[in-house]
Amino acid sequence: MNDRHKGKVALVTGANKGIGFEVVRQLGKAGMTVLLGARDAGRGAEAAAKLQAEGLDVRELPLDLGDEATIRTAAETIEREHGHLDVLVNNAGISVAGDGPPSGADLEVVRSTFETNFFATLAVTQAMLPLVRKSSAGRIVNVSSGLGSITFNADPGSPYYDVKPVGYNASKAALNMMTVGLAYELRGTGIKVNSADPGYTATDLNGNSGPQTVEEGAESTVRLALLPDDGPTGAYFDRHGPLPW
Ligand code: NAP
């Protein structure tokens, strides 16, 4: 175990399953106290219990991105119990039926996708930022997607070229803009803000169709959460390296 991270406090949103769950496991293995954010208390408790059984310091934290009161309460709980937050991983995200190309996507689906993937994620970030500012080396990781890259969306040579659900892709592009904007605001502090693309990973989000395992899907996010002090900020990575916006 790397002692550099021992005792640090991390929060991962949407962590009761999928990539978020694996990110919690990896940060726990790095020695952190990890708060496992989940909107459903039962699913959160069950997920936390699994990782506790592996000997990790994981605690369930109720957090529903669709309910501002739970975001406020989560921040108050972290303040009271830990006094600060070293790592915030904005992982919770959705991709739902009805999204599609700009000409025909269901507007309500596009709105709700933006609500979770962008607006609520911004709300969580704003609520947690005062706690991250109290860390000696804060890290914020926005779990984006390669589908959020405007460069990939416009490049006929990109593997993502033909995948264009406007709600999902635009919400992740907006999240990327938040990464760049917040990194700019926090320049000159020790806090690093980056976007991670997990890569196409088998989870419930895509009917378990992705070729990558969750361990591979968690890699870029975990690396950005554990960045050393001379690491990048305001950047966008998959597990192989930097990506174009
Ligand atoms: P997943 O298995 O469907 O997990 C999504 C998690 O987000 C679940 O824990 C879900 O909770 C939670 N969530 C959804 N809405 C929420 C809300 N309003 N409040 C709190 N939690 C909420 O999907 P995943 O593939 O692990 O996705 C994790 C992140 O990776 C997402 O941001 C996704 O866009 C991104 N990503 C995934 C892939 C991929 O190929 N899988 C590729 C690129 C990016 P419930 O269990 O309660 O629904």
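Use the structure listed above.
Residues numbered from 1 in each chain as written. Predicted model: local features only at pLDDT ≥ 70, side-chain atom pairs only at ≥ 80, totals over all residues. Heavy atoms only, no water.

Some thoughts on the site of the ligand
Here is step 1 of the chain: Around the ligand, a shell composed of 29 residues is seen, among which Arg 39, Asn 91, Tyr 168, Thr 201 and Thr 203 lie nearest.
Here is step 2 of the chain: Within the backbone of Gly 14, one N or O atom sits 3.1 Å away from an oxygen atom of the ligand.
Here is step 3 of the chain: Here an oxygen atom of the ligand and a side-chain polar atom of Arg 43 are 2.8 Å apart.
Here is step 4 of the chain: Among the cavities detected, the one that contains the ligand is the largest pocket.
Here is step 5 of the chain: For the shell around the ligand, the class distribution of residues is eleven nonpolar, twelve polar and six charged. (Near = heavy atom within 4 Å. Polar contact = N/O pair within 3.5 Å; in protein donor to acceptor, adjacent residues only side chain to side chain. 1 Å grid on protein atoms, 1.4 Å probe; cavity = no way out; pocket = protein on both sides within 12 Å on 5 of 7 lines; lining within 4 Å. Sits in = over half its atoms within 2 Å of the grid points. Nonpolar A, V, L, I, M, F, W, Y, C, P; charged D, E, K, R; others polar.)

Observations concerning the packing of helix H4 (residues 107-133) against helix H6 (residues 166-185)
Here is step 1 of the chain: Two numbers describe how H4 lies on H6: the axes approach to 7 Å, and their chain directions differ by 20°. Considering the angle they form, H4 stands roughly parallel to H6. Where H4 crosses over H6, the handedness of that crossing is right-handed. Side by side, H4 and H6 meet where Val 110, Thr 113, Phe 114, Asn 117, Phe 118, Thr 121, Leu 122, Thr 125 and Leu 129 of the first sit next to Val 166, Gly 167, Tyr 168, Ala 170, Ser 171, Lys 172, Ala 174, Leu 175, Met 178 and Leu 182 of the second.
Here is step 2 of the chain: Its residues assigned to classes, the contact of H4 with H6 comprises twelve nonpolar, six polar and one charged. (Axes fitted to C-alpha atoms, helices over the stretch in contact; angles between N-to-C directions. Helix = DSSP H or I, 4+ residues; strand = E, 2+ residues; numbered from the N terminus. Parallel < 35°, antiparallel > 145°, perpendicular 65-115°, else oblique. Left-handed = near helix turned anticlockwise from the far one by under 90°. Contact = heavy atoms within 4.5 Å.)

Describing unusual backbone geometry
Here is step 1 of the chain: Not every positive phi belongs to a glycine, and Asn 208 is a case in point at roughly 55°.
Here is step 2 of the chain: Note that Asn 208 resides in the loop between strand S6 (192-196) and helix H7 (214-225).
Here is step 3 of the chain: Taking relative accessible area as the criterion, Asn 208 reaches 44% and is therefore assigned partly exposed. (Buried < 20%, exposed > 50% of the residue type's maximum accessible area, 1.4 Å probe, protein only.)

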